[in-house]
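Descriptive analysis of the structure
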Amino acid sequence: MSRSDPVLCSVKSAEPVDMEDVNEIDVEETLEKLKNNDSSLSHCIFNNVPLDTETVDSITSALMRNTSVKRVDMCNCGIIDDSVEGFVTLLKSNSTLEALSIETNKITGKFLKKIVIGMETNETLKELRNCKPVRSQRELVTRWPSPSSGAQQIPRQV
């Protein structure tokens with residue numbers, strides 16, 4: 001996608017993440033696999049695991065150089081605005097990641113906007129999921145749908 005191409009997004013409801021599910025992921029082991037670019041790892045699910053800023057930064061840093069992971073789910077991990085720069089840099093540098101879910105975290109609108117702007121140069125990310133449950137239970141899914149997907153296409157300004 002070049003800067004002159006129109007950017008499209010669609011708003012649609014998605015399946016809610018069950019915040020009561022216990023995630024048995026070994027964060028340190030998964031982080032090592034990310035750092036080592038383990039080809040057996042294509043989907044990382046960190047949902048419902050409290051992650052401190054240092055760990056989130058380590059994960060985003062490892063993902064910058066990773067060429068096998070296509071999907072990352074980090075819902076309800078307690079991610080805060082301090083970790084947003086790592087996501088921005090990740091989106092600017094990674095050419096493999098296709099989907100990123102950061103629903104139900106503590107990222108404010110101002111910093112979420114930085115993530116969306118970081119997507120401007122990313123040509124592989126097809127889906128960004130974020131949900132702010134503060135005022136509404138709606139889920140916003142920003143993506144670039146193909147015309148055959150049937151998703152409502154809404155031009156947005158970047």
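Residues numbered from 1 in each chain as written. Predicted model: local features only at pLDDT ≥ 70, side-chain atom pairs only at ≥ 80, totals over all residues. Heavy atoms only, no water.

1. With respect to the nonpolar core
Leu-34, Phe-46, Leu-51, Met-74, Phe-87 and Ile-115 are the most contacted members of the largest nonpolar core, which has 31 residues in total. Secondary structure elements with two or more residues in this core: α1 (27–35), α2 (53–64), α3 (84–93) and α4 (109–118). No other element matches α3, which puts five residues into this core. Residue contacts for Leu-51: discarding those within four places in its chain leaves Val-27, Phe-46, Val-56, Ile-59, Met-74, Cys-77 and Gly-78. (Core = buried A, V, L, I, M, F, W, Y, C linked by side-chain atoms within 4.5 Å. Buried < 20%, exposed > 50% of the residue type's maximum accessible area, 1.4 Å probe, protein only. Helix = DSSP H or I, 4+ residues; strand = E, 2+ residues; numbered from the N terminus. Contact = heavy atoms within 4.5 Å.)

2. What about the packing of α2 against α3?
Here α2 crosses α3 at 10°, and the two axes come no closer than 9 Å. On the basis of the axis angle, α2 is roughly parallel to α3. Here α2 contributes Val-56, Thr-60, Leu-63 and Met-64 to the contact with α3, which in turn contributes Gly-86, Phe-87, Thr-89, Leu-90 and Ser-93. For the contact of α2 with α3, the per-class residue count stands at five nonpolar, four polar and no charged. (Axes fitted to C-alpha atoms, helices over the stretch in contact; angles between N-to-C directions. Parallel < 35°, antiparallel > 145°, perpendicular 65-115°, else oblique. Nonpolar A, V, L, I, M, F, W, Y, C, P; charged D, E, K, R; others polar.)

3. Side note on unusual backbone geometry
Most peptide bonds take the trans configuration, and most residues that are not glycine carry a negative phi. Positioned with a positive phi, Asn-37 is a non-glycine residue whose angle comes to about 55°. One can find Asn-37 in the loop between α1 and β2 (43–45). Judged by its relative accessible area of 28%, Asn-37 is partly exposed. Positive phi values are uncommon outside glycine, yet Asn-48 reaches one of about 65°. On the secondary structure map, Asn-48 appears in the loop between β2 and α2. Classification of Asn-48 by relative accessible area gives buried; the value is 17%.

4. Comments concerning the side chain of Asn-66
Examined against the element boundaries, Asn-66 turns out to sit in the loop between α2 and β3 (71–73). Here Val-69 takes part through its backbone nitrogen, which lies 2.8 Å from a polar atom of the side chain of Asn-66. (Polar contact = N/O pair within 3.5 Å; in protein donor to acceptor, adjacent residues only side chain to side chain.)

5. Regarding the packing of α3 against α4
Taken N-terminus to C-terminus, the directions of α3 and α4 make an angle of 10°; their axes are 8 Å apart at the nearest point. By the angle between their directions, the pair α3 and α4 is classed as roughly parallel. Facing Val-84, Glu-85, Phe-87, Val-88, Leu-91 and Lys-92 of α3, the residues of α4 in contact are Phe-111, Lys-114, Ile-115 and Gly-118.

6. Here's the deal with the pairing of strand β5 (residues 127–130)
Here β5 shows two buried faces, one formed by Glu-127 and Arg-129 and the other by Leu-128 and Asn-130. The pairing of strand β4 (residues 99–101) with β5 spans three bridges and is parallel. Bridging across to β5, Leu-100 finds its partner in Leu-128. (Pairing = 2+ DSSP bridges.)

7. Observations concerning the confidence of the model for the protein
Scored by pLDDT, the protein comes out at a mean of 79, with 68% of its residues at no less than 70. Predicted confidence is poor over residues 1–14, with pLDDT under 50, and the contacts of this stretch with residues over four places away or in other chains come to 37 contacts. Confidence drops under a pLDDT of 50 for residues 133–158, and excluding neighbours within four residues, the segment shows 66 contacts in the predicted structure. (pLDDT = per-residue confidence, 0-100.)

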